Structures are given as structure tokens and as C-alpha cells.
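The lines below spell out each chain.
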Amino acid sequence: MGTENTQKLERIQSEALEKLDTINDLKDLENWRVTYLGRKGTLTQVLRGLSQLPIEERRDIGSRGNQLKSLLEQKLSEKEESLKQADLERKLEESSIDVTLPGYSIQLGRTHPTTKILRQVCDIFASMGFEIVEGPEVEWDSYNFEALNMPKGHPARDMWDTMWVDYTDENGERPMLLRTHTSPMEIRFMERRDPPIRVIMPGKVYRYEATDATHESMFYQVEGLAIDKGITMADLKGTLYEFARKLFGEDRKIRFRCDYFPFVEPGVEVAIDCFVCHGEGCSVCGGDGWIEILGAGMTHPDVLRWVGYDPDVYTGFAFGIGLERIPMLMYGIDDIRLFYNNDMRFLKQF
Ligand code: FA5
């Protein structure tokens, strides 16, 4: 009986080790484990039967059996390790990824020239005590035109080729549009606040426009508004001169000329000498020698009345800067359409 169990253990050992040598994958290895070391495995059976054996044999077979169990468990884990390693190497060899190649570099974006200039413009006005506020790009007709002294049918509405939105209120009375300028924000702001006011309001505006080198159908404006007791045209000129000097430097020439906007009286347009011809006249400035960058003026008394301010107490000025015209002047960009073409060759230069 004693010899029989010893021989059984020897058989299990030689058979298990022999089979283990032939195993090449983890699934077969698991079957091997179940065969010898599993709950009903051959070695487990021998160990379970120990209690049936006479005491002297039980000790001998128990000790041999447990040694064999440890041996098989150790061989099992060694084999498992080597199979996993081989599996990993095979996968690396088969895969098309060469982990030793340097990775692709991620293309970093950069700030758009319009954003860059907008930040500079905001900083300059902030340094002069102006706050910065944004508003909606889809606007009511009443804010875009009516409150700005352009009732329905007013010929000055033709100054802004408008993109209408197919929407009115339930009475069909409040037509909607893509704002043609940032001036409606003046009204929205004044409705909410009492003077004194010093604010700039940047944002996108839209015009149904045939584009050319200086005209886009979507562009940015920066609206400015200052309302207080005793504000005069001298304050407007001083503010805009200071702005132009800070942005373009002391040497740049600035021109003020009379202009008409229904919501200011008097109105002006401000131009900077052309960066290409410096005032001589060329194709970029349309032969004029100057590039208009903004419209401005003293806020019209009717506009003040509309928002409930008393024009006998308060006066103020407003301006609307065409933002893209500024980087055009600063960097010598000769076509505004380059800004929004998404051509990386252009955008990478800033
Ligand atoms: C206005 O839009 C007025 N709201 C400005 C204003 C505000 C006047 C407050 C008085 C008081 P205008 O249409 O001229 O005005 O446009 C203002 C600036 O926007 C222009 O000086 C120009 O720099 C720029 N601009 C006008 N049209 C275009 C366009 N199609 N593409 C690019 N820039 C434009």
C-alpha cells in the first residue's frame, strides 16, 4: 500500500512535469492546473485520501505529497510567467506600432490676430477706466435701428445692408436680424444702468455685403460709450487720440472728418494714414491715402430720451471701431478676407 502511493506520487510528478514542458498557451496551462492541482485533481485526491492511511504512511505520503504540490505550484507560476512574457513579445512583434519610433508632435494652436488685437484694445480702454460688456449677435430691429433714431422706413437704414432672421414676435411686430453694428448694445446698457457710464462692448457684427479687400460680411466691432454730466467733443477726441497713440504709436497720423450717423450729433469718422502708401493713395486705401477705422460722435439727445436720460442733464459720446482694420494697419495685411479663410499659412504668422 505504502509503495503504491509513493509510486502514484512519482507517476503524477513525472507525468505532470512532462506535460508541462509541452504546454504553449495559458488555456492549456489552466487545464493542466485543474488536472493536477484542481479540486478534483489527481494530486489533490491523493492528499485528500491521507486520512484513510495508517499513521506512519500518512506522515510519509503527506510530506511527499505536499512537497510535490509545492513543486507543481512553483512550476505552474514559472510557466505562467514565461507564457505571459512570450505572449507580450509576440503581440508587440505582430502589431504595426513601433513603440521605439518617436511620437507625433501635437500641433499647438495660437491666438487669432483678431483676438490678439481685441485683447490689446480692451486693455487700453480698461486702463482709461472703461468696463467691458458683451451682448447678443441676434438682435431686435428696435435695438439695432429704432432706438438709434432710425424708425421704420428711415433712409439711413440703407447704410447697413442687413441680414434678417426669419422670426417675429407673436404679433409679427418685432423683426429680428443679425446685428449690423454693436451700437444696439449702447441702448441695452443704458436701459440697465444710470450715468456715469464708461463702457466698451466688443463683438461680431454681420452685413449683407459684397466683400472686397476692406469689407467682410462678418467682422468685429468695439462699441464705446461714455455718458456723464458735462461730456464734450473734446473728451471724445482726447479719448480716441489717446487710444490711437497707445495702439499705433506716436508717429501715426489720425484724421477726424465729419460724418453722419443718425444716433450721434455731430458725427465723425476717424481714419489712420494708409500703411502701404502713407497718405499718397493706393489700391489698398482705394486711392484715399487713409483707412477708416471707426465712426463716432456725441450721443444724440433722442437716443438719451429713448432710454429715459434727460439730455439737458447728461451728454456723452460713442464710437464704433472696425476691429480687423487695426491689425491690417499694424501688420500691413492687404485683404480683410484673409482673417476668416482658415488658411494656416496666414494664421501662423501671428
Ligand atoms: C457703424 O457701424 C456705427 N455703428 C459706428 C458708430 C458707433 C458711429 C457709435 C457713431 C457712434 P460703420 O458702418 O461706419 O458705422 O462701421 C464702423 C467701422 O466698422 C468702420 O469704420 C470700419 O472700420 C468697420 N467696417 C464697416 N463695414 C465693414 C465691413 N464690411 N468689413 C469690415 N469692417 C467694416
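Residue numbering note: each chain is counted from 1, following its sequence as written. It should be noted that, the model being predicted, local features are given only for residues of pLDDT at least 70 and side-chain atom pairs only at 80 or more, the latter also being counted only at that level, while totals for whole chains, interfaces and linings use all residues. Only hydrogens and water are removed before side-chain values are computed, so all heavy atoms of the structure are retained for them.

A. Layout of the pattern of salt bridges. A carboxyl oxygen of Asp or Glu within 4 Å of a side-chain nitrogen of Lys or Arg is what we treat as a salt bridge. Taken as a whole, this structure holds 18 salt bridges when the rule is applied. Put simply, arginine 90 and glutamate 94 hold a salt bridge, and the shortest N to O gap is 3.4 Å. Here glutamate 94 and arginine 90 lie together in helix α4 (residues 55-94), a separation of 4 residues that amounts to about one turn. A 1.4 Å probe rolled over the protein chains alone gives each residue an accessible area, and that area as a share of the maximum for its type sets the label: buried under 20%, exposed over 50%, partly exposed in between. Exposure remark for arginine 90: the relative accessible area of 40% places this residue in the partly exposed category. What makes glutamate 94 exposed here is its relative accessible area of 58%. Notably, a salt bridge pairs arginine 157 with aspartate 141, separated by 2.8 Å at the nearest N-O pair. Placement of the pair is arginine 157 in the loop between α6 (141-144) and β3 (163-165) and aspartate 141 in helix α6, with a sequence separation of 16 residues. Grouping residues by exposure puts arginine 157 and aspartate 141 together as buried. Secondary structure elements are defined from DSSP: runs of H or I of at least 4 residues count as helices, runs of E of at least 2 residues count as strands, and each element is numbered from the N terminus.

B. How the structure looks around the domain arrangement of the protein chain. Domain delimitation follows an automatic or database domain assignment. For the protein chain, the domain assignment lists domain 1 (2-94) and domain 2 (113-347). Distance between the C-alpha centres of domain 1 and domain 2: 87 Å.

C. Fine view of the nonpolar core. Buried Ala, Val, Leu, Ile, Met, Phe, Trp, Tyr and Cys residues that are joined via side-chain atoms within 4.5 Å together make up what is termed a nonpolar core. Counting 41 residues, the largest nonpolar core has Val121, Phe125, Phe243, Phe319 and Ile326 as its most contacted members. Note on contacts: a residue pair is in contact if any heavy atoms of the two residues lie within 4.5 Å. The contacts of phenylalanine 319, once residues within four sequence positions are left out, are Phe125, Ile200, Val222, Glu223, Gly224, Leu240, Leu294, Gly295 and Ala296. In this structure, Leu148, Ile227, Leu304 and Ala318 belong to the second largest nonpolar core, which totals 29 residues.

D. Expanded view of the side chain of histidine 181. Along the polypeptide, histidine 181 turns up in the loop between β4 (176-178) and α7 (184-192). The term polar contact refers here to a pair of N or O atoms within 3.5 Å; inside protein, the definition further demands a hydrogen-donor-capable atom paired with an acceptor-capable atom, and it admits residues adjacent in sequence only when both atoms are side-chain atoms. Separated by 3.1 Å, the side chain of histidine 181 and the backbone oxygen of asparagine 144 make a polar contact. Of note is the side chain of histidine 181, whose polar atom sits 3.5 Å from the side chain of serine 183. In this view, histidine 181 contacts Asn144, Leu148, Trp160, Val205, Arg207, Gln221 and Phe263; residues no more than four positions away in its chain are not counted.

E. A look at empty space enclosed by the protein. Lining residues are those with an atom within 4 Å of a point, where the points come from a 1 Å grid over the protein atoms alone and group into cavities, where a 1.4 Å probe fits but cannot get out, or pockets, open sets with protein on both sides within 12 Å along at least five of seven lines. Grid points are joined across faces, edges and corners, and a volume is the space filled by probe spheres set on the points. Enumeration according to the criterion identifies 1 cavity of 30 Å³ or more in this entry. Volume-wise, the largest cavity comes out at about 30 Å³. Leu240, Phe243, Ala244, Ile254, Val270, Ile272, Ile293 and Leu294 are the residues that line the largest cavity. When residues of the lining of the largest cavity are traced back to their parent elements, those giving at least two are α8 (233-248), β8 (264-273) and β9 (290-299). Here the lining of the largest cavity gets 3 residues from one element, more than from any other, and that element is α8. Throughout, the ten residues Ala, Val, Leu, Ile, Met, Phe, Trp, Tyr, Cys and Pro are labelled nonpolar, Asp, Glu, Lys and Arg are labelled charged, and all others, Gly among them, are labelled polar. Taken together, the residues of the lining of the largest cavity break down into 8 nonpolar, no polar and no charged.

F. Quick peek at the layout of surface pockets. Of the voids in this model, the largest pocket is the one considered here, and its volume is about 840 Å³. Of all elements in the fold, only β6 (218-228), β7 (254-259), β8, β9 and β10 (315-322) reach the threshold of two or more residues within the lining of the largest pocket. The leading source of residues in the lining of the largest pocket is β9, at 8 residues. Each residue belonging to the lining of the largest pocket can be placed in one class, and the counts come to 20 nonpolar, 11 polar and 15 charged.

G. Structural view of the packing of helix α5 (residues 113-127) against α8. Two elements in contact, α5 and α8, have axes whose closest approach is 10 Å; the angle formed by their N-to-C orientations is 135°. By the angle between their directions, the pair α5 and α8 is classed as oblique. At the point where α5 passes α8, the crossing takes the right-handed sense. Contacts between α5 and α8 pair Gln120, Val121, Ile124, Phe125 and Ser127 from the former with Thr239, Phe243, Lys246 and Leu247 from the latter. Tallied by class, residues from the contact of α5 with α8 come to 5 nonpolar, 3 polar and 1 charged. Axis lines are fitted to C-alpha atoms, over the contacting stretch for helices. Their N-to-C directions set the angle, which ranges from 0 to 180 degrees. Oblique is the label for any angle not covered by the other classes, which are roughly parallel (under 35 degrees), roughly antiparallel (over 145) and roughly perpendicular (65 to 115). Less than a right angle of anticlockwise turn of the near helix away from the far helix marks a crossing as left-handed, whereas a clockwise turn marks it as right-handed.

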